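Now for the letters of each chain:
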Amino acid sequence: MDASAQTSESVTLIVDDFGAQTPQTVDGATINLFEGDDVTATADNTVVTDTNGEAVATLDACTPLGVKVSKEGTKDTYQSHIVPEAGAEELTLNSVANSTETLISSLLGVSLDEDKSVVAGAFYDCAGDPIQNAQVVVRDEDGNIADSLIIRYADSTGFPSRDQAATSPAGIWFAFNLPPGDLTAEAYVSDGAGGHVLAGTSEVSSFADAIGIGSIYWGIEGGVWYPPSCLSADE
């Protein structure tokens, strides 16, 4: 980590409507910022998007950040392990409409339990590029896999597909009907001998009737990945 890169930056936060047929932003969305990357804590700052779906906040570059995006008619969406790049001017976040979640679950053949949560993310290599042919499981804080857990993947276009048996070139995965609490998402890849090896994990906090986002990176435990702009020359 390059300590000189950890500077305070004025960043424009843009909230995108995830799953919209045409790209569009979300106005009037409340963004809670958690500087300690702990979305279960009290928010350190709160901003609301304007008519362009944008809000400005001061963020610490190269420092893990947690975010909650909420608005009436959408699912509360929590995203962990966001690391703003050094010199970043914009940061895009996601909002998921209730209707979008219903559509995605229908396309994937999943019946949602409102007492449980949805967790999603992608699986990336060390350069931040998606990895295909990986399988994901999610465990609770006791290391168990819930009987209610349903895993699905997106196709190469990033569109949810019930026929996708592992991550596609898009690298995106979805986990449905998880118990609320502290969860660990694990990505496994083939060991070349008929088995699988653990390739990375991400810690995700989940909440009932809400969505948690926590991507997984190859070789990283916990899910915090630092972009190249945050690293010193010898890292």
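Residues numbered from 1 in each chain as written. Predicted model: local features only at pLDDT ≥ 70, side-chain atom pairs only at ≥ 80, totals over all residues. Heavy atoms only, no water.

Enquirer: Can you lay out the nonpolar core for me, pointing to particular residues and giving the numbers?
Expert: Counting 19 residues, the largest nonpolar core has Phe123, Val138, Trp173 and Ala175 as its most contacted members. Mapped onto this core, the elements with two or more residues apiece are β9 (117–124), β10 (135–139), β11 (150–154), β13 (172–178), β14 (181–190) and β15 (196–206). If one sorts the elements of this core by residue count, β14 sits on top with four residues. Once residues within four sequence positions are removed from consideration, Trp173 is found in contact with Val119, Ala120, Gly121, Ala122, Phe123, Val136, Val138, Arg152, Tyr153, Ala185, Gly214 and Ile216. (Core = buried A, V, L, I, M, F, W, Y, C linked by side-chain atoms within 4.5 Å. Buried < 20%, exposed > 50% of the residue type's maximum accessible area, 1.4 Å probe, protein only. Helix = DSSP H or I, 4+ residues; strand = E, 2+ residues; numbered from the N terminus. Contact = heavy atoms within 4.5 Å.)

Enquirer: So what about the pairing of β14? Which residues, and what values?
Expert: Where a strand is regular, its side chains alternate between the two sheet faces. Note that β10 and β14 share five bridges and pair antiparallel. Looking at the pairing, Val137 lines up with Glu186 of β14. When β14 meets β15, the two strands line up antiparallel, connected through ten bridges. Paired with Tyr188 across the strands is Leu198, a residue of β15. The loop that links β14 with its antiparallel partner β15 comprises five residues; one of these, Gly192, has a positive phi angle of about 80 degrees. (Pairing = 2+ DSSP bridges.)

Enquirer: Residues and numbers for the state of the cysteines, please.
Expert: Per the counting criterion, the structure on display carries one disulfide. One disulfide in the model links Cys62 with Cys230; its S-S distance is 2.1 Å. Disulfide Cys62-Cys230: torsion about the S-S bond near -85 degrees, hence left-handed. Here Cys62, found in the loop between β4 (54–60) and β5 (65–70), pairs with Cys230, found in the segment after β17 (216–217); they are 168 residues apart in sequence, far enough to count as distant. Residue class for Cys62 comes out buried when judged on its relative accessible area of 1%. The thiol sulfur of Cys126 is not disulfide-bonded, and the nearest other cysteine sulfur, from Cys230, lies at 15 Å. Exposure remark for Cys126: the relative accessible area of 54% places this residue in the exposed category. (Disulfide = S-S within 2.5 Å.)

Enquirer: So what about the pattern of salt bridges? Which residues, and what values?
Expert: If you walk through the whole model with that rule in mind, you get six salt bridges. Taking the shortest distance from any N to any O, the salt bridge between Lys71 and Asp27 comes out at 3.2 Å. Placement of the pair is Lys71 in the loop between β5 and β6 (74–75) and Asp27 in the loop between β1 (8–17) and β2 (30–34), with a sequence separation of 44 residues. When its relative accessible area of 35% is taken as the criterion, Asp27 is described as partly exposed. Of the charged contacts in the structure, one is a salt bridge between Lys75 and Glu101, with a shortest N-O distance of 3.4 Å. Separated by 26 residues along the polypeptide, Lys75 in strand β6 and Glu101 in helix α1 (residues 98–107) bring together distant segments of the chain. Among the charged side chains, a salt-bridge network with shared partners connects Lys75, Glu101 and Asp209. (Salt bridge = Lys/Arg side-chain N within 4 Å of Asp/Glu carboxyl O.)

Enquirer: Can you explain the environment of Gly87? Please cite residues and give values.
Expert: With respect to the element layout, Gly87 can be found in the loop between β7 (77–82) and β8 (90–97). A relative accessible area of 47% means that Gly87 is categorised as partly exposed. The spatial distance from the C-alpha of Gly87 to the C-alpha of Gly109 is 42 Å, given a sequence separation of 22 residues.

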